[in-house]
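A structural walkthrough
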Amino acid sequence: MIKSIAASVALASFMVAAPAFAEPNMDKYNRACAACHVSGVAGAPKSHDVAAWETRMAKGMDALVASVKNGLNAMPPTGLCADCSDEEYQELITYMSSAK
Ligand code: HEC
């Protein structure tokens, strides 16, 4: 009992210390987006290359989510994440466009 209270206090303080943006679903990131966005396959803006993402972010988050869902040039529809929700796409995009 005491132990579980201590664990939830520790968890709560961890959540307060978390970065300002929501942590994306890293399983989905690694399974899908990372395949192209880590190395910049076929002109994909590289993850954490803030300058490369700046022009993309200027389109607005809704437009970017739509690009992923519909596909864009070498990026296949859904970005290979068929089970990603709109919210997860937003978190993944925020993650990739932010400095590490
Ligand atoms: C098969 C390779 C591939 C995968 C997998 C992939 N992408 Fe991409 N992505 C690209 C390429 C290539 C571009 C650049 C397209 C262009 O502008 O010609 C791109 C561009 C983008 C853009 C910018 C779109 C715009 O309108 O400028 C976003 C946002 C994006 N990807 C998000 C994601 C997310 C989120 C995932 C994972 C769910 C993902 N991508 C998975 C290849 C990929």
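Residues numbered from 1 in each chain as written. Predicted model: local features only at pLDDT ≥ 70, side-chain atom pairs only at ≥ 80, totals over all residues.

Describing the site of the ligand
Put simply, the test is: To decide whether a residue is near a molecule or strand, its C-beta atom is placed from the backbone and checked for lying within 6 Å of it. Secondary structure elements follow DSSP: runs of H or I no shorter than four residues count as helices, runs of E no shorter than two count as strands, and numbering proceeds from the N terminus. Here the nonpolar group is Ala, Val, Leu, Ile, Met, Phe, Trp, Tyr, Cys and Pro; Asp, Glu, Lys and Arg are the charged ones; every other residue, Gly included, is treated as polar.
Lining the immediate environment of the ligand, one finds 27 residues, of which Cys 33, Cys 36, Ser 67, Met 75 and Gly 79 sit closest. For the shell around the ligand, the secondary structure elements donating two or more residues are helix 2 (26-37), helix 4 (61-70) and helix 5 (86-97). If you tally residues by element for the shell around the ligand, the top one is helix 2, at 5 residues. Per-class residue counts for the shell around the ligand are 20 nonpolar, 5 polar and 2 charged.

Here we look at helix 5
Put simply, the rule is: Multiplying 1.5 Å by the helix residue count minus one yields the expected span of that helix. Neighbour density around each residue's C-beta defines its exposure: 20 or more other C-beta atoms within 10 Å make it buried, 12 or fewer make it exposed, and counts between make it partly exposed, where C-beta atoms are placed from the backbone. Here the contact rule is simple: place C-beta atoms from the backbone, and any two residues whose C-beta atoms are within 7 Å are in contact.
If you check helix 5, its first and last C-alpha atoms are 16 Å apart, about what 12 residues at 1.5 Å a residue would give, namely 16 Å. Those residues of helix 5 that sit buried are Tyr 89, Leu 92, Ile 93, Tyr 95, Met 96 and Ser 97. Contacts from the buried residues of helix 5 go to helix 2, helix 3 (50-57) and helix 4.

Re helix 2
Given 3.6 residues to a turn, an α-helix orients residues that are three or four positions apart in the same direction. We count it as follows: What the arc describes is the spread of directions from the helix axis to the C-beta atoms.
Between its terminal C-alpha atoms helix 2 stretches only 13 Å, short of the 16 Å expected from 12 residues at 1.5 Å a residue. Among the residues of helix 2, those classed as buried are Lys 28, Tyr 29, Ala 32, Cys 33, Cys 36 and His 37. In a view along the axis of helix 2, the buried residues occupy a sector of 120°, so they form one face of it. Seen from the open side of helix 2, the exposed residues pointing more than 90 degrees away from its buried face are Met 26, Asp 27 and Asn 30. Looking at the buried positions of helix 2, the neighbouring elements they touch are helix 5.

Considerations on the nonpolar core
One broad trend across soluble globular proteins is that nonpolar side chains are buried collectively. Rules: As used throughout, a nonpolar core is a set of buried Ala, Val, Leu, Ile, Met, Phe, Trp, Tyr and Cys residues joined through C-beta atoms within 7 Å of each other.
Tyr 29, Cys 33, Tyr 89, Leu 92, Ile 93, Tyr 95 and Met 96 are the most contacted members of the largest nonpolar core, which totals 14 residues. Secondary-structure elements contributing two or more residues to this core are helix 2, helix 4 and helix 5. Counting residues per element, this core draws most heavily on helix 5, which supplies 5 residues. Ignoring any residue separated from it by four or fewer positions in sequence, one finds Cys 33 in contact with Gly 79, Cys 81, Leu 92 and Met 96.

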